[in-house]
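Spelled out, the chains give:
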Amino acid sequence: MKSKDILKVVLIGDGGVGKTCLRNQLIHRRFTNNYKATIGADFITKEVRLDNGRKVMLQIWDTAGQERFASLGVAFYRGADACVLVYDVNNYLTFEHLDRWRTEFLRQASPNDPLEFPLIVIGNKIDLSSRVVSRRQARAFADTYSGKTMKIKCFEASAKEGINVEAAFEHIARMVTPEVIDMNMMGEEECVVLKSSLELQNDKSERKGQSCCMGG
Amino acid sequence: MPFSHTKLLRKRTSGISHSSNETKETAELQRRIHMINNAIARKDIAELRKLAVTGPGLVNDGLRRLAWPLLLRCEKGGEVREADEHSDEAQAKLDVERSFVYLPKGTRTTAKKQYQRDLQEVIACVLRRHLDLHYYQGFHDICSVLLIVLGKQLAIAAAENIAMFLLRDAMLDSLEPILRQLMLLDTILQFEDPQIHKFMTESNILPYFGLSWVITWCSHDIKDVGKVARLFDFFISSNPLMSVYLAARLVISRRQELLMLERDNASIHTFLSKFPQNIDIDDIIAKTQGLYNKYPPAVLQKLSGDPLDETSCVNTYKRHWSSLKSNAPVDYSLADLILSIPQTRKPVRDISEVR
């Protein structure tokens, strides 16, 4: 089999909002208080199964939350297929900063069509009872920055309780793999070759080419 | 297995003995301990530096508690003073809440909480003393190690001097100066291991995989506290660029595995950014020192064609820090001045004075 094609997803947002925990919950289905601040960035891949049984490989990049590390974005954001903006529903500043994170991301990742670049918003830590950011506020942010076809969906999640984490990443996977372009048979397995919306626009081929997902 | 005296002496240190002749090794270690004690008694900083960068370094935390304050010029310790809050304390707090992850199993929660309170104080004190310092995620890791080995009072003064003279390039108004240090990793590889350099260049790898090693002296990445302390012996006794040489050496030490990887930027970055936990620290330190001697900072900067600023702590190390006489008070005025001016990009004037 050819090397599996992978969709690159970048998690960004202020320090301490739970980017690492969200990823850990998705990958390992568990939460621990014993985690440390992220310095630099790294990725873990995760296979996500969509409603129709299709499987998509997500390469999920976790990044440092302190603003001064955002200058490394040139290296870590390039080639991204989607971006997850994370804030803490109990901390208004982290929500207010999403705007800045989004702008900086788009500047450094420089996709061809920034307004249509796949984004989602996750408000984390809904298990705590000190919420200060309402769903309406998050929705308003998302509406402001949604494009013509790219609609930003807002999720409220708890990495601790495992609420809505998978749903959010499944949504991302669906967002970047909307069209089935071609069908191939590879051995006994069915291989669906997909193109992400971004790649359809950009026809960028050097890194990933198409997204190939093993079905069945 | 019979009880090993050598192991007892090196309790809480890292190195693994490969010597078949343990008696000889024990005798050597005894001799080293004797020399360290003598150097401490004489306040012989030059001798302590030599011991810190060779063999098993300063051997154990008992000796470190006496030697580090001499090496870091902080014998008097620092006190907690009332002062205006620094704007980065909130970020530090977020990181402190996630600190001391690698404490030995069985450490009580209350002890961990106390460490965290002390850590917040250490960081706040340093920042409040020099309001132009910028905190970065990872400085808290450095301070945790100081706190464990030295206790709060000494850790405050030690952290202050590390911030001002050894890691200042990470604490200016942007990370750019420390990133420029990190870029020199590329030059080291270019001259030391062209094959790896070619592989990395073709795979479009930037040296950012080594960032946390450089800004936390590996304390963010190594789980074994003994190994971290051994590395700190080395770094507090060396030019600030030493951590970049170490990063280069770590890449070279894994060259076989590295060269077998697919040329995929993301996987290579992630492979390289994982610190090899089982590495023999004494051995890697010796090899790193070798690299440093082969391409000292002045030579390396010249080779790179893109020298660091003259205000880089790499280039002020000798003038502002390592040449200080043992009884001379630490003078912060020039470091404070450098912190207060926006970053300029003046290359070093006289490259010969760097070492």
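Residues numbered from 1 in each chain as written. Chains lettered and ligands numbered in written order. Predicted model: local features only at pLDDT ≥ 70, side-chain atom pairs only at ≥ 80, totals over all residues. Heavy atoms only, no water.

## Some details on the overall build of chain A
Argument step 1. Within chain A, the regular secondary structure consists of 7 helices and 9 strands.
Argument step 2. Looking at chain A as a whole, 57% of its 216 residues are labelled buried.
Argument step 3. Here the contacts in chain A between residues at least 6 apart in sequence split such that 68% fall between residues at least 24 apart.
Argument step 4. Summing over all exposed atoms, chain A offers an accessible surface of approximately 9400 Å²; the carbon and sulfur share of this is 47%. (Helix = DSSP H or I, 4+ residues; strand = E, 2+ residues; numbered from the N terminus. Buried < 20%, exposed > 50% of the residue type's maximum accessible area, 1.4 Å probe, protein only. Contact = heavy atoms within 4.5 Å. Areas by Shrake-Rupley, 256 points an atom, 1.4 Å probe, with all protein chains shown as cover.)

## Regarding a nonpolar patch on the surface
All names here are of chain B.
Argument step 1. Taken together, the side chains of Phe191, Val299 and Leu303 define a hydrophobic patch exposed on the protein surface, amounting to about 220 Å² of accessible area.
Argument step 2. Structurally, Val299 can be placed in helix α17 (residues 297-304).
Argument step 3. Judged by relative accessible area, Val299 falls into the partly exposed class, the value being 36%. (Patch = residues over 30% accessible without salt bridge, like charges linked within 9 Å, V, L, I, M, F, W, Y side chains within 5 Å. Salt bridge = Lys/Arg side-chain N within 4 Å of Asp/Glu carboxyl O.)

## Here we look at the pattern of salt bridges
All names here are of chain B.
Argument step 1. On inspection of all chains with the given rule, the structure shows 29 salt bridges over all chains.
Argument step 2. Here Lys152 and Glu121 are joined by a salt bridge, their closest N and O atoms 3.1 Å apart. Taken together, the residues Lys152 in helix α8 (residues 152-166) and Glu121 in helix α6 (residues 109-129) connect sequence positions 31 residues apart.
Argument step 3. On the basis of relative accessibility, which here comes to 23%, the residue Lys152 falls in the partly exposed class.
Argument step 4. By relative accessible area, which is 28% here, Glu121 ends up partly exposed.

## Some thoughts on the UniProt feature "domain: Rab-GAP TBC" (unreviewed entry) in chain B
Argument step 1. Feature annotation in UniProt places "domain: Rab-GAP TBC" (unreviewed entry) on residues 58-239 of chain B, given in this structure's numbering.
Argument step 2. Between the end C-alpha atoms of residues 58-239 of chain B the distance is 18 Å, and the span holds 61% helix and 0% strand. (UniProt positions renumbered as here; feature names shortened; annotations may be inferred.)

## Details of the sheet that holds strand β4 (residues 82-88) of chain A
All names here are of chain A.
Argument step 1. On the basis of which strands lie adjacent, the open sheet formed by 6 strands has the order β2-β3-β1-β4-β5-β6 and mixed pairing. Every other strand in the sheet has two partners, leaving β2 (41-49) and β6 (153-156) as the edge strands with one partner each. The mean angle between the axes of side-by-side strands here comes to 25°, regardless of whether they run parallel or antiparallel.
Argument step 2. Lying on the sheet, helix α4 (residues 98-109) is in contact with β1 (7-12), β4 and β5 (119-124); it crosses β4 at an angle near 160°.
Argument step 3. Contacting β4, β5 and β6, helix α5 (residues 135-145) runs over the sheet at an angle of about 150° to β6. (Pairing = 2+ DSSP bridges. Axes fitted to C-alpha atoms, helices over the stretch in contact; angles between N-to-C directions.)

## So, the pairing of strand β3 (residues 55-63) of chain A
All names here are of chain A.
Argument step 1. Burial analysis of β3 places 9 of its 9 residues in the buried class, the great majority of the element.
Argument step 2. Neither face of β3 is open: one carries Lys55, Met57, Gln59, Trp61 and Thr63, the other Val56, Leu58, Ile60 and Asp62, and all of them are buried.
Argument step 3. When β1 meets β3, the two strands line up parallel, connected through 5 bridges. Residue pairing across strands places Val9 opposite Ile60, the latter belonging to β3.
Argument step 4. Summarising the sheet, β2 and β3 pair through 9 bridges and their orientation is antiparallel. Looking across to β3, one finds that Ile44 is bridged to Ile60.

## Considering the interface of chain B and chain A
By convention, interface size is frequently given as the accessible area that disappears when the constituent parts associate.
Argument step 1. Taken together, the contacts link 38 residues of chain B with 25 residues of chain A.
Argument step 2. When the two sides are added together, the surface that chain B and chain A hide from each other amounts to roughly 2500 Å², 56% of it contributed by carbon and sulfur.
Argument step 3. When residues of chain B are sorted by the area they lose upon contact with chain A, Arg98, Gln137 and His220 of chain B head the list and together hold 26% of the total.
Argument step 4. Between the two partners, chain B and chain A, sit 1 salt bridge.
Argument step 5. With its nearest N and O atoms 3.1 Å apart, the salt bridge here joins Lys274 of chain B to Asp42 of chain A.
Argument step 6. At the junction of chain B with chain A, the criterion picks out 11 residue pairs in polar contact (both at pLDDT 80 or more).
Argument step 7. Residue assignment for the side of chain B that touches chain A shows that the elements contributing at least two residues are α5 (89-96), α7 (139-150), α11 (211-216) and α15 (265-273) of chain B.
Argument step 8. The element that contributes the greatest number of residues to the side of chain B that touches chain A is α15 of chain B, accounting for 6 residues.
Argument step 9. Here the residues of the side of chain B that touches chain A are counted per class, giving 15 nonpolar, 15 polar and 8 charged. (Buried area = accessible area lost by both parts, 1.4 Å probe. Polar contact = N/O pair within 3.5 Å; in protein donor to acceptor, adjacent residues only side chain to side chain. Nonpolar A, V, L, I, M, F, W, Y, C, P; charged D, E, K, R; others polar.)

## Things to note about helix α2 (residues 22-42) of chain B
All names here are of chain B.
Argument step 1. Between the first and last C-alpha of α2 there are 30 Å, a value that for 21 residues agrees with the 30 Å anticipated at 1.5 Å per step.
Argument step 2. Within α2, burial applies to Glu25, Thr26, Leu29, Arg32, Ile33, Ile36, Ala39 and Ile40. Viewed end-on, α2 has its buried residues packed into an arc of 145°, placing them on one side of the element. Seen from the open side of α2, the exposed residues pointing more than 90 degrees away from its buried face are Thr23, Lys24, Arg31, His34, Ala41 and Arg42.
Argument step 3. Looking one or two residues beyond α2, the residue adopting positive phi is Lys43, at roughly 55°. (Expected span 1.5 Å × (residues − 1). Arc of directions from axis to C-beta.)

## Remarks on the pairing of β6 of chain A
All names here are of chain A.
Argument step 1. By the bridge criterion, 4 bridges tie β5 to β6 in an arrangement that is parallel. Across the sheet, Ile120 pairs through a bridge with Lys153, a residue of β6.
Argument step 2. As a crossover connection, the stretch from β5 through α5 into β6 is right-handed. (Right-handed = clockwise from strand over helix to strand, strands pointing away.)

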